[in-house]
Amino acid sequence: MSQQSKMDLDITNCSRGLWLVKVPKYLGDKWADCAGHDVGKLKITKVPGKPPTITFKSSEHTLKDGKIPREHKISAAAAPMLQFPRHQLSFEGQVIHKLECQPVVDDYYINQKREAVKKAAQSLHTVKLIDRPHNGYKPISHHKHNVHLEQKKKAGGKTIRDDKDKVMELLFAAFEKIQY
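Residues numbered from 1 in each chain as written. Predicted model: local features only at pLDDT ≥ 70, side-chain atom pairs only at ≥ 80, totals over all residues. Heavy atoms only, no water.

### What about the side chain of S58?
- Along the polypeptide, S58 turns up in strand β3 (residues 53-58).
- On the accessibility criterion, S58 (6% relative accessible area) is buried. (Helix = DSSP H or I, 4+ residues; strand = E, 2+ residues; numbered from the N terminus. Buried < 20%, exposed > 50% of the residue type's maximum accessible area, 1.4 Å probe, protein only.)

Printed below as a string of structure tokens:
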């Protein structure tokens with residue numbers, strides 16, 4: 001494949017209409033786990049004079065562990081957009097509907113949320129009552145390094161304070177060599 005053909009834009013699908021649907025993270029994760037299976041059914045109900053109502057009902061395979069709401073309502077907000085795939089340069093179509101997916105607030109959803117709040121409120125740290133002392137390592141007050149320093153101090157003897165004139169002379173001599 002030449003360099004020029006890699007840079008060409010494929011516009012064979014440019015007239016195709018696309019729906020851009022924003023879904024909750026938990027639902028997107030479930031869909032990723034269900035690769036190769038149906039994730040649910042989309043139901044569009046049209047009533048004359050009103051905007052269509054769109055509902056999504058998850059399949060049994062998606063609900064196998066029962067941790068997500070069964071139904072979601074999809075609300076529409078029109079926004080013309082264009083979509084490009086990440087890997088190759090091709091024009092996949094024009095977004096004709098921008099939709100948002102939200103769970104239907106019913107008894108099942110409220111119970112799921114209640115359980116999630118209870119689980120989040122539980123402390124991760126637990127207190128364990130022990131009936132006998134724990135035989136673990138005890139802290140060492142004198143480490144080898146500290147013992148070595150103390151022995152060195154004792155071997156050197158007591159330091160004696162020099163008289164004031166000698167100390168001043170040593171300081172001035174040090175400042176003559178280096179100013180700080």
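### Concerning the nonpolar core
- Membership of the largest hydrophobic core is limited to eight residues, which are L27, I54, F56, L63, I68, I74, L99 and C101.
- Elements with a minimum of two residues in this core: β3 and β6 (93-103).
- When residues no more than four places from it in sequence are discounted, the contact partners of I68 are Y26, L27, K30, S58, T62, L63 and Y108. (Core = buried A, V, L, I, M, F, W, Y, C linked by side-chain atoms within 4.5 Å. Contact = heavy atoms within 4.5 Å.)

### Quick word on the environment of H37
- The residue H37 is located in the loop between α2 (25-33) and β2 (40-45) in this model.
- Overall, the relative accessible area of 45% leaves H37 in the partly exposed class.
- Sequence separation of H37 and S59 is 22 residues, and the distance between their C-alpha atoms is 9.2 Å.

### Re helix α4 (residues 144-156)
- Counted at 1.5 Å a residue, the expected span for α4 with its 13 residues is 18 Å, and the 19 Å between its end C-alpha atoms agrees.
- Of all 13 residues in α4, zero are buried; the element is thus mostly exposed. (Expected span 1.5 Å × (residues − 1).)

### What about a nonpolar patch on the surface?
- Nonpolar side chains collect at one region of the surface, where W19, V21, L42, I44 and I96 lie side by side and expose about 440 Å² of accessible area between them.
- For the nonpolar patch, the secondary structure elements donating two or more residues are β1 (17-22) and β2.
- Along the chain, V21 falls in strand β1. (Patch = residues over 30% accessible without salt bridge, like charges linked within 9 Å, V, L, I, M, F, W, Y side chains within 5 Å. Areas by Shrake-Rupley, 256 points an atom, 1.4 Å probe, with all protein chains shown as cover. Salt bridge = Lys/Arg side-chain N within 4 Å of Asp/Glu carboxyl O.)

### What about the side chain of H72?
- Relative to the helices and strands, H72 is located in strand β4 (residues 71-77).
- Polar contacts involving the side chain of H72 include one to the side chain of Y26, which spans 3.0 Å.
- Ignoring sequence-local partners within four residues, the contact set of H72 consists of Y26, L27, I54, T55, F56, C101, Q102, P103 and V104. (Polar contact = N/O pair within 3.5 Å; in protein donor to acceptor, adjacent residues only side chain to side chain.)

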